[in-house]
Each structure stands twice: as structure tokens, then as C-alpha cells.
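So the chains spell out like this:
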Amino acid sequence: MSAEIPKAIKKLAKYLQDNPDVKVIFMVGAGISTSSGIPDFRSPETGLYHNLSKLNLPYAEAVFDIEYFEQNPKPFYTLAKELYPGNFKPSPFHYLMKLFESKNRLKRIYTQNIDTLEREANISDEFIIEAHGSFASNHCIDCGKEFPKEAFQNKLLLNEQETDEDGGNYATCDGCGGLIKPKIVFFGEGLPTEFFDTWDLDSSTKEKTVCIVCGTSLTVYPFASLPMEAPNSWLRVLLNREIVGDFKTSRQDTDLIFKGSADYAAFLLAQELCWLEDLENLSGKQ
Ligand code: CNA
């Protein structure tokens, strides 16, 4: 691969090379998984919100609204079938994050994604904060009883027809009869305490840190406020198709911004850090 390296990537690589003890915190969203075949929410034409008309929702976000789910779980089931982990492979950007772990340069990954591709890329659990939960466990939305992932998965895997018309073929609690739902954070629900506790810890460090924001529109709070809460000693980097959030409204002089695809940024950065062969091997593009 030989490409002219954009300034932001060059500066980021130089900063990482000049400061070998500095670690990286990634803050990522749906845009790092689009090349794996999972649509994001908000990209025009291709985003899930654009394609939700078949679900007959009153408004697109209703698919992740807890009150709407209680009345009508079907749209979420339809969407969950499309997103369910196991059908997709990590992207080169996921493998770049894995390389940061292997090279002992990773501090944390805060992900909004529910696709668990960070785990699929073999990144160790201790580094991953799934801010919006995942399909890995389930609970009853009425009494809170916990269920294994199969409780929801088995119903999801029933054919469309069965889940379609009868209105009753959804996973329900054997205790109170309430609906069982994966621990994905819906609008109207709180984020896992692990998210807040770990961020309190990570953001209290006085050490120089790099935070790389990638593949997110920075529109969902409280996640969207992480870059603005980054201490002044941190270097903030945005790798995204568009300029978003605090990088648009309160850009700092030191911010580094690369406008483009996450995977392209991953390969360019790897090239500049002399990690290209590692990345190509990991992502199977030799
Ligand atoms: P979003 O609001 O859809 O924004 C995606 C952002 O990524 C946009 O700014 C895009 O321009 C940008 N983008 C898209 N493709 C690329 C690419 N290849 N390279 C670089 N940038 C790209 O998604 P957010 O994550 O910001 O929104 C938060 C929601 C999305 C969370 O609650 C997630 O649960 C939810 N979500 C997750 C998934 C997943 O798990 N893969 C998929 C769809 C939605």
C-alpha cells in the first residue's frame, strides 16, 4: 500500500511514536462496522433509520423505545434479526484497535455498538465498555429477572411468519409474564454503571492520553459528551466521514481531524506506525 498520508494521520502517528508511554482510548460507533455489512443509523440512503419504513413505525427511533417495545415488540425483533451477532466479521478498524492492545498501547474502547465485533476481533474484555449494552444477556422488562442469551435468541430464530401474526410469539418471563429483552440500552433506559464508573476512572488520569473518536455521529447522550469531557492534556482525534459533535461546535486548536472512511484511516495509520503488515495479516488482506 502506498498512499499520500494526510496531515492528521501523520501528526497522530508522530505523537504516538514520540510518546511511547501514551495510551489510546477509542470512542466508537456504528460507522466502524458498516464495512462489515451492518448499516449504521443515520447515514443518508444506507442507514437503518432510512430503511425502517417496512416496519411501519410511528417514528424511526421507536424501534429502540422501551415504551413502544412494550406495546409492539415486532419491529425490534425484525431489526435484531438483521443485527444479531454471529453473522458478521470485524472490520480492519476493529483489528487496528486489537493491534493497539497487542502493542500495549490500548487503554480502553468505549463502544456504542451492540454487534460485539470488538470481542470477535479478540480484544480482551477488560478494555471494552459496551456503553449501550449487547445481546449477550437478557432480562424481563417488568420484574428484571435475568435470562441467558438463548431465551431471546430462540424466539428470534423462529421464522418470520411465526413471529409475525400471532402477536404472542415473543420471549416472555416465566415468572411474571413480562417481555424479555436483550440488555441493549433503549431510549428511556439508563446506561450500565460500568460505563460511568470506568469513565470516571479513565478521565481522572493526569497522564497524557490520546482519544480517537471514530464512526459516530455523536448525537446520542451521554456517550456524545465523552470527547468534550476529555481532560485538556489529552489529544483528541476524529476519524469519521463527517465532522461531528464537539469537533464541529467547540473545536480545539490541537484537535486532529481526518474526514474519510474508518478502514482507510486504519490502514494509513498502520502504515505510518509501521504496523501495516500486522494489520493486513489480522484483517486477512495480504
Ligand atoms: P450513527 O448515528 O448512525 O452515526 C454513524 C456515523 O459514522 C456517521 O457520522 C457516519 O458519517 C459515520 N460513518 C458511517 N460509515 C463510516 C465509515 N465507513 N467510516 C467512517 N465513518 C463512517 O451511529 P452512532 O453509533 O453515532 O449512533 C449511536 C447508536 C447507533 C448506538 O445506540 C448504537 O447502538 C446504534 N447502532 C449500532 C450498530 C452496531 O452495533 N453496529 C448499528 C447501527 C446502529
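Further up the page is the structure itself.
Attention in this report is confined to the structure presented alongside it. (Residues numbered from 1 in each chain as written. Predicted model: local features only at pLDDT ≥ 70, side-chain atom pairs only at ≥ 80, totals over all residues. Heavy atoms only, no water.)

### Comments concerning unusual backbone geometry
Glycine aside, a negative phi is what most residues show, and trans is what most peptide bonds show.
And step 1. Following Tyr221, the chain continues into Pro222 via a peptide bond in cis, with omega recorded as 5°.
And step 2. In this structure, Pro222 sits in the loop between strand 7 (209-214) and helix 9 (226-229).
And step 3. For Thr116, which is not glycine, the phi torsion reads 55° and is therefore positive.
And step 4. Mapped onto the elements of the fold, Thr116 is located in the loop between strand 2 (106-111) and helix 5 (117-120).
And step 5. The backbone of Leu218 sits at a positive phi, close to 50°, despite the residue not being glycine.
And step 6. Mapped onto the elements of the fold, Leu218 is located in the loop between strand 7 and helix 9. (Helix = DSSP H or I, 4+ residues; strand = E, 2+ residues; numbered from the N terminus.)

### Comments concerning the sheet that holds strand 4 (residues 133-140)
And step 1. In spatial order, the strands read 5-4-6; together these 3 strands make up an open sheet with antiparallel pairing. The two strands at the open ends of the sheet, each matched to only one other strand, are strand 5 (146-147) and strand 6 (180-184).
And step 2. With 2 bridges connecting them, strand 4 and strand 5 associate as antiparallel partners. Directly across from His139, in strand 5, lies its bridge partner Glu146. (Pairing = 2+ DSSP bridges.)

### A look at the sheet that holds strand 2
And step 1. Overall, parallel pairing links the 6 strands, which are arranged 3-2-1-7-8-9 in an open sheet. The sheet terminates laterally at strand 3 (128-130) and strand 9 (256-259), the two strands that pair on one side only. Strand-to-strand twist of the sheet, defined as the mean angle between neighbouring strand axes without regard to direction, takes the value 15°.
And step 2. Pairing between strand 1 (residues 23-28) and strand 2: 5 bridges, direction parallel. (Axes fitted to C-alpha atoms, helices over the stretch in contact; angles between N-to-C directions.)

### Observations regarding the site of the ligand
And step 1. By nearness alone, 28 residues border the ligand, and Phe41, Arg42, Asp115, Ser217 and Glu242 come closest of all.
And step 2. Here a nitrogen atom of the ligand sits 3.4 Å away from a polar atom, N or O, in the main chain of Gly31.
And step 3. Note that an oxygen atom of the ligand is positioned 2.6 Å from one of the side-chain N or O atoms of Ser217.
And step 4. The residue makeup of the shell around the ligand, split by class, is 9 nonpolar, 14 polar and 5 charged. (Near = heavy atom within 4 Å. Polar contact = N/O pair within 3.5 Å; in protein donor to acceptor, adjacent residues only side chain to side chain. Nonpolar A, V, L, I, M, F, W, Y, C, P; charged D, E, K, R; others polar.)

### Some words on the environment of Gln71
And step 1. In this structure, Gln71 sits in helix 2 (residues 66-71).
And step 2. Here the alpha-carbon distance between Gln71 and Ser203, two residues 132 residues apart in the chain, equals 39 Å.

### Considerations on the pattern of salt bridges
And step 1. A full pass over the atoms with the stated rule returns 11 salt bridges.
And step 2. Asp278 serves as the salt-bridge partner of Lys103, at 2.6 Å between the closest nitrogen and oxygen. In this pair, Lys103 sits in the loop between helix 4 (92-102) and strand 2 while Asp278 sits in helix 12 (residues 276-282), placing the two residues 175 residues apart along the sequence.
And step 3. For Glu189, the salt bridge goes to Lys181, with nearest N and O atoms at 3.1 Å.
And step 4. Judged by relative accessible area, which is 0%, Lys181 ranks as buried.
And step 5. Salt bridges linked by common partners bring Arg236, Asp246 and Asp255 together as one network. (Salt bridge = Lys/Arg side-chain N within 4 Å of Asp/Glu carboxyl O. Buried < 20%, exposed > 50% of the residue type's maximum accessible area, 1.4 Å probe, protein only.)

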